[in-house]
Amino acid sequence: MHLRPNLGIDGDRLWSSLMEMAKIGGTPKGGCNRQALTPEDGEARALFRRWCEAAGTTVRIDPLGSMFARREGLEDLPPVLIGSHLDTQPTGGKFDGVLGVMAGLEILRRMEEAGIRTRRPIEVVNWTNEEGCRFAPAMLASAAYAGVLPVEKALDTRDIAGIRFGDALESIGIVPDRPLGGDKIAAYLELHIEQGPILEAEGKEVGLVTSGQGLFWYDAVITGFESHSGSTPMHMRDDALVAAAQLIEALRKIGTEANPPGTATVGQFEVFPNSRNVIPGEVRMTIDMRHPDPAVLRAMDQRFHETVAALQKGRIRIELTQVAATQPLSFDPGMLAMLREEADAMGISHRNIISGAGHDAFHMAKIAPAALIFTPCAGGVSHNEAESIEPHQAEAGANLLMRAALRLADMP
Ligand code: GLV
Ligand code: MN
Ligand code: MN
């Protein structure tokens, strides 16, 4: 109905936007530290807003700070959303999340300069706090958008320094001007790096994500009894750090025995009072367990709880708080078929793939037909400053994203 030239994105411009964004929070080792709601995140948001406005869109912010850059459609219909995140891990790379947002921006720019109008509006979203390293759970804002997490609970989440999410939003000058979710969405698309080695090893340009693994996150506080390291006999100790070490080793076994592709990780750890000659009285640590099969994930969780119970001897106590419980999910078969068709038509090589990482698309899949497209990354390395991709890989993924977005946005 709407005549279109055979249009692709501008790969050089996409790459230069990625490199420009990577300067914000750039680390000496070539990665990024742009954790959610820090001043660096604020700077990235301001740049994203400027770029989106220059591309002729209107940017609105929801109560959790997620940014929606909207290009109006010809008709008053529910929009197609394209999203991912600009926040990073403390020692993150340049592409995790950022590729999806910059590819969305590039689509908006290309549409603007080519004068392309679609029936439906297109919105490019930067979801707040996808990473979950500063505020747990990960994918916090998309969870709330999808109605999975109450907004008050999200706003009251605290980081390790005790700073409230809601206060952090205000501290970088975020002023919401649209409600949280509630609108009907025609479809959701996300482009992301694979963060694993499969596509590179098989020489495929994109992975079409069929399912995502489930994830359980806990905060654990292990309490023991502080006493003098020199005068307390070994058999009279309740050493919180020794109990923590036993729990970590048990988790390594739980993850290994659920393999492939189960995982169990302790990534955050604090010991108190952290003095050379005091038997540790308290340990705080995080637990991350994942598996694509809900029954296996439940069994891993049960073994973990049994281990926790068995370790509580003498004065050792282990207090657990579950901070995330995402069930494994399957992506919409119709959306997958559409992406396969478009990739074939464009001559882009593809394969089906399972997502090991969590993504905002998981929550969006609960409220709209959603799809997640992966592009390769070198050696599968991610959540690492060395994360790297090639410009042609970004371009192929963004071209498929554009073609799918235009097709969906022209649906009656
Ligand atoms: C998000 O990066 C996750 O932890 O999967
Ligand atoms: Mn990500
Ligand atoms: Mn990540």
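Just so we're clear, the structure is a prediction, and the values are computed from it rather than from any experiment.

A short note on the domain arrangement of the protein
Line of reasoning, step 1. Taken as a whole, the protein is organised into domain 1 (11-213 + 329-409) and domain 2 (214-326).
Line of reasoning, step 2. Taken together, the contact between domain 1 and domain 2 spans 13 residues of the former and 12 residues of the latter.
Line of reasoning, step 3. Taking both partners together, domain 1 and domain 2 bury about 930 Å²; carbon and sulfur atoms supply 61% of that area.
Line of reasoning, step 4. Applying the counting criterion to the domain 1 and domain 2 interface returns 0 salt bridges.
Line of reasoning, step 5. Counting across the domain 1 and domain 2 interface gives 1 residue pair in polar contact (both at pLDDT 80 or more).
Line of reasoning, step 6. Per-class residue counts for the side of domain 1 that touches domain 2 are 7 nonpolar, 5 polar and 1 charged.

Focus on the nonpolar core
Soluble globular proteins tend to pack their nonpolar side chains together in the buried interior.
Line of reasoning, step 1. Counting residues in hydrophobic clusters, the biggest one holds 92 residues, and the most contacted among them are Met21, Phe48, Met102 and Phe331.
Line of reasoning, step 2. When residues of this core are assigned to their parent elements, the largest contribution, 10 residues, is made by helix H12 (residues 391-409).
Line of reasoning, step 3. Filtering out sequence-adjacent residues up to four positions away, phenylalanine 48 remains in contact with Met21, Met67, Leu86, Val101, Met102, Leu105, Val124 and Asn126.
Line of reasoning, step 4. Core analysis: the second largest hydrophobic core is formed by 23 residues, Ala244, Leu247, Phe304 and Leu311 among them.

Some thoughts on the site of ligand 1
Line of reasoning, step 1. The environment of ligand 1 is formed by Glu130, Glu131, Trp217, Arg290, Ala357, Gly358 and His383.
Line of reasoning, step 2. Between arginine 290 and ligand 1, the recorded distance is 2.8 Å, taken from a side-chain N or O atom to an oxygen atom.
Line of reasoning, step 3. The separation between an oxygen atom of ligand 1 and a polar main-chain atom of glycine 358 is 2.6 Å.
Line of reasoning, step 4. Contact with the protein chains hides 94% of the accessible area of ligand 1, taken as 200 Å² for the molecule alone.
Line of reasoning, step 5. When the residues that make up the shell around ligand 1 are grouped by side-chain class, the tally is 2 nonpolar, 2 polar and 3 charged.

Description of helix H8 (residues 240-257)
Line of reasoning, step 1. The end-to-end C-alpha distance of H8, which contains 18 residues, comes to 26 Å, matching closely the 26 Å that a straight helix rising 1.5 Å per residue would cover.
Line of reasoning, step 2. Looking at the buried residues of H8, the elements they touch are strand E7 (214-223), strand E8 (263-265), strand E9 (269-272), strand E10 (282-291) and helix H9 (294-311).
Line of reasoning, step 3. Capping of H8 at its N-terminal end is provided by aspartate 239; its side-chain oxygen lies 2.8 Å from the backbone amide nitrogen of leucine 241.

Things to note about the coordination of the manganese ion (ligand 3)
Line of reasoning, step 1. Protein coordination of the manganese ion (ligand 3) is provided by Asp96 (OD), Glu131 (OE), Glu131 (OE) and His383 (NE2), with donor distances spanning 2.1 to 2.4 Å.
Line of reasoning, step 2. Between the manganese ion (ligand 3) and the manganese ion (ligand 2), the interatomic distance is 3.5 Å, and aspartate 96 donates to each metal, bridging them. Here aspartate 96, found in the loop between strand E3 (80-84) and helix H3 (98-114), pairs with glutamate 131, found in the loop between strand E4 (122-126) and helix H4 (140-145); they are 35 residues apart in sequence, far enough to count as distant.

A closer look at the confidence of the model for the protein
Line of reasoning, step 1. Summing up the model confidence of the protein, the mean pLDDT is 97 and the portion of residues at 70 or higher is 99%.
Line of reasoning, step 2. Low pLDDT, under 50, characterises residues 1-5; the predicted model gives this stretch 10 contacts beyond four residues in sequence or across chains.

Quick look at the environment of valine 308
Line of reasoning, step 1. Position of valine 308 among the secondary structure elements: in helix H9.
Line of reasoning, step 2. Classification of valine 308 by relative accessible area gives buried; the value is 4%.
Line of reasoning, step 3. With 109 residues separating them in the primary sequence, valine 308 and leucine 199 have C-alpha atoms 38 Å apart.
Line of reasoning, step 4. Non-local contacts of valine 308, meaning those with residues more than four positions away in its chain, are made with Leu247, Ile318 and Leu320.

Thoughts on the environment of glutamate 43
Line of reasoning, step 1. Along the polypeptide, glutamate 43 turns up in helix H2 (residues 39-54).
Line of reasoning, step 2. Judged by its relative accessible area of 49%, glutamate 43 falls in the partly exposed class.

What to know about the packing of aromatic side chains
Line of reasoning, step 1. Tallying each qualifying case throughout the model produces 8 aromatic pairs.
Line of reasoning, step 2. Pairing tryptophan 127 with tyrosine 188 gives two aromatic rings, centres 6.4 Å apart and planes at 50°, and the pair type is tilted. Taken as a pair, tryptophan 127 in the loop between E4 and H4 and tyrosine 188 in strand E5 (residues 187-193) lie far apart in primary sequence, 61 residues in all. Tyrosine 188 carries the same exposure label as tryptophan 127, and that label is buried.
Line of reasoning, step 3. Their ring planes at 70° and their centres at 5.1 Å tell us that phenylalanine 135 and phenylalanine 165 sit as a pair that is edge-to-face. Taken as a pair, phenylalanine 135 in the loop between E4 and H4 and phenylalanine 165 in helix H6 (residues 165-171) lie far apart in primary sequence, 30 residues in all.
Line of reasoning, step 4. Judged by relative accessible area, which is 0%, phenylalanine 165 ranks as buried.
Line of reasoning, step 5. Here the aromatic cluster, defined as three or more aromatic residues joined through ring pairs, consists of Phe68, Trp127, Tyr145 and Tyr188.
Line of reasoning, step 6. Over the aromatic face of tryptophan 51 sits the side chain of arginine 109, whose NZ or CZ is 5.0 Å from the ring centroid.
Line of reasoning, step 7. Between arginine 178 and the ring centre of phenylalanine 68, over which it is positioned, the NZ or CZ distance is 4.0 Å.

Here's the deal with unusual backbone geometry
Line of reasoning, step 1. Residue proline 137 is bonded to the preceding alanine 136 through a cis peptide linkage, with omega at 5°.
Line of reasoning, step 2. Inspection of the secondary structure assignment puts proline 137 in the loop between E4 and H4.
Line of reasoning, step 3. Following phenylalanine 272, the chain continues into proline 273 via a peptide bond in cis, with omega recorded as 0°.
Line of reasoning, step 4. Mapped onto the secondary structure, proline 273 falls in the loop between E9 and E10.
Line of reasoning, step 5. In this structure, asparagine 129 is a non-glycine residue whose phi angle is positive, near 55°.
Line of reasoning, step 6. Position of asparagine 129 relative to the elements: it lies in the loop between E4 and H4.
Line of reasoning, step 7. For methionine 139, which is not glycine, the phi torsion reads 55° and is therefore positive.
Line of reasoning, step 8. Taking the relative accessible area as the measure of exposure, methionine 139 reaches 2% and is therefore buried.

Parameters and conventions
- Residues numbered from 1 in each chain as written.
- Chains lettered and ligands numbered in written order.
- Predicted model: local features only at pLDDT ≥ 70, side-chain atom pairs only at ≥ 80, totals over all residues.
- Heavy atoms only, no water.
- Domains from an automatic or database assignment.
- Contact = heavy atoms within 4.5 Å.
- Buried area = accessible area lost by both parts, 1.4 Å probe.
- Salt bridge = Lys/Arg side-chain N within 4 Å of Asp/Glu carboxyl O.
- Polar contact = N/O pair within 3.5 Å; in protein donor to acceptor, adjacent residues only side chain to side chain.
- Nonpolar A, V, L, I, M, F, W, Y, C, P; charged D, E, K, R; others polar.
- Core = buried A, V, L, I, M, F, W, Y, C linked by side-chain atoms within 4.5 Å.
- Buried < 20%, exposed > 50% of the residue type's maximum accessible area, 1.4 Å probe, protein only.
- Helix = DSSP H or I, 4+ residues; strand = E, 2+ residues; numbered from the N terminus.
- Near = heavy atom within 4 Å.
- Areas by Shrake-Rupley, 256 points an atom, 1.4 Å probe, with all protein chains shown as cover.
- Expected span 1.5 Å × (residues − 1).
- Donors = N, O, S within 2.8 Å, 3.2 Å for Na, K, Ca; no water.
- pLDDT = per-residue confidence, 0-100.
- Phe/Tyr/Trp six-rings, centres within 6.5 Å; stacked < 30°, edge-to-face > 60°.
- Lys NZ or Arg CZ within 6 Å of the ring centre and 35° of its normal.

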